[in-house]
Amino acid sequence: MSALTRAQLHHDHIHPELAETFAALPPRPENPYADMEALRAGFRALMAPRMPAHDPRITIRHTSLTGPDGNTVDVQVLRPAGAEGVLPGVLYIHGGGFAYGELDGPSPMARDACATAGAVVVNVHYRLAPEHRYPAGVEDCYATLEWMAASAGELGIDTERIAVTGASAGGCLSAAVCLMARDRQGPRIAFQGLLIPCLDDRGGSASMRRVQDRRILNGTGTRHTWDTYLGADRGPDVPAYAAPARATDLSGLPPAYVLTCGADPLRDEGLDYARRLTEAQVPVEVKDVPGAWHLFEAYAPESELARRTTAHWLGALRTALTDS
């Protein structure tokens, strides 16, 4: 019996709405990062159908800012079509294992956040690993947050209503930016949306061990993600801005929304981070999607489960920016 077959026998229960899609997925390489060009091209192809050249709901402006190392950080500024006046702002940080992502952006999630939450969304193209390992990417994201606040008048952003949100690696970077803003006394963040976030490089959770099916993100693949971002030869003292689960103090952070999926190796670290935020007196809303795998919406975008899940996190974002 092959390792793949054994892993298939032990994967989490898959939601009935997703069963057919799941069964058709091909196995992923054990280390997807071994061929970075193929990995980036594959993700671009996966997302392309959901990234039309024109979206009538929004307007898009391309610009750039000077990053922390004198580098150029490209951003896209999204605004609801026809909207006037000052609006909430969202720093959207794309996912992609710190190494790839919506390179042709802005992503469907950034577009939806703009249109549904009625917000100015800044979609940041941070530097990617392994060419630029930690802290390059997260420092680019933090510099973009500072730029948003400093340019609020020009961008039409209410600085009291700025949210930071992202999925997967973007969820990690979002959590880290919130820690940085607190510690550096930076711009006020009204809300953090942590969607299927990877937060802990130590990989010791039960879900990390349990989810090993190679058709989806699995525990082994996640270890390669952290090796790509932090280096395989990293020591034990990984900073919290790299892996937010290592933060010892979560007090004083913005209200949070944490989305997890039942068949995701990252599930338990997301739920544990939400628990620790609650213990630190930070308001938290948690949404767990049983039977769904990491980024399942990209593979089954027309499923009712994907629609409901997307509507739920967008509703949380809209409510947070309305009430803040």
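Refer to the structure printed above.
What comes next concerns the included structure. If you're wondering where the values come from, they're calculated on a predicted model, not measured in any experiment.

As a further point, take the overall build of the protein chain. Scanning the protein chain from N- to C-terminus turns up twelve helices and eight strands. Whereas a compact globule of 324 residues would reach a radius of gyration of roughly 20 Å, the protein chain reaches 18 Å, a difference of no more than 12%. For the protein chain, the spread of C-alpha atoms along the three principal axes comes to 60 × 45 × 40 Å. Considering the protein chain as a whole, with its 324 residues, one finds that 56% of them fall into the buried category. Taking the intrachain contacts of the protein chain between residues at least 6 apart in sequence as the baseline, contacts between residues at least 24 apart amount to 78%. Each charge class in the protein chain was averaged separately, 30 positive and 39 negative side chains, and the resulting centres sit 3 Å apart.

As a further point, take the layout of surface pockets. Taken as a whole, the largest pocket holds about 860 Å³ of empty space. Lining the largest pocket are 46 residues, with R28, F43, Y100, L295 and Y299 sitting closest to its centre. Put simply, the parts of the chain that give the lining of the largest pocket at least two residues each are α3 (36–47), α4 (108–117), α9 (219–230), α11 (296–299) and α12 (304–323). The leading source of residues in the lining of the largest pocket is α3, at six residues. Partitioned by chemical class, the residues of the lining of the largest pocket number 29 nonpolar, ten polar and seven charged. In terms of lining, the second largest pocket is formed by 13 residues, of which the most central are R50, P108, D112, P301 and E302. Breaking the lining of the second largest pocket down by element, the ones donating at least two residues are α4 and α12.

Here the focus is the packing of α4 against α12. Interhelical geometry of α4 versus α12 gives an angle of 50° and a closest axis separation of 9 Å. The angle between α4 and α12 falls in the class oblique. The two elements α4 and α12 meet at a crossing, and its hand is right-handed. On the side of α4, the interface is formed by M109, D112, A113, T116 and A117, while α12 contributes T310, W313, L314, L317, R318 and L321. Grouping the amino acids of the contact of α4 with α12 by side-chain chemistry returns seven nonpolar, two polar and two charged.

Criteria and thresholds
- Throughout, residues of each chain are indexed from 1 in the direction in which the sequence is written.
- Two thresholds apply to this predicted model, a pLDDT of at least 70 for residue-level local features and 80 or more for giving and counting side-chain atom pairs, whereas whole-chain, interface and lining totals are computed over all residues.
- Working from all heavy atoms in the structure, the side-chain values ignore hydrogens and water.
- Secondary structure elements are defined from DSSP: runs of H or I of at least 4 residues count as helices, runs of E of at least 2 residues count as strands, and each element is numbered from the N terminus.
- The globule rule is 2.2 Å times the number of residues to the power 0.38, and the radius of gyration it is compared with is taken over C-alpha atoms.
- Only protein chains enter the accessibility calculation, which uses a 1.4 Å probe. A residue is then buried if its area is under 20% of the maximum for its type, exposed if over 50%, and partly exposed in between.
- We call two residues in contact when some of their heavy atoms are within 4.5 Å.
- Lys and Arg are tallied as positive, Asp and Glu as negative. Neither His nor the chain termini are counted.
- Just so you know, the charge point we use is NZ for Lys, CZ for Arg, CG for Asp and CD for Glu.
- Using protein atoms alone on a 1 Å grid, points that fit a 1.4 Å probe yet trap it form a cavity, whereas open point sets bounded by protein on both sides within 12 Å along at least five of seven lines form a pocket; residues with an atom within 4 Å of a point count as lining.
- Grid points are joined across faces, edges and corners, and a volume is the space filled by probe spheres set on the points.
- When residues are grouped by polarity, Ala, Val, Leu, Ile, Met, Phe, Trp, Tyr, Cys and Pro land in nonpolar, Asp, Glu, Lys and Arg in charged, and all others, Gly among them, in polar.
- Here an angle of 0 to 180 degrees is reported between the N-to-C directions of two axes, which are lines fitted to C-alpha atoms, with helices fitted over the stretch in contact.
- If an angle is under 35 degrees, it is roughly parallel; if it is over 145, roughly antiparallel; if it lies from 65 to 115, roughly perpendicular; otherwise it is oblique.
- With the far helix as reference, a near helix turned anticlockwise by less than a right angle produces a left-handed crossing, and one turned clockwise produces a right-handed crossing.

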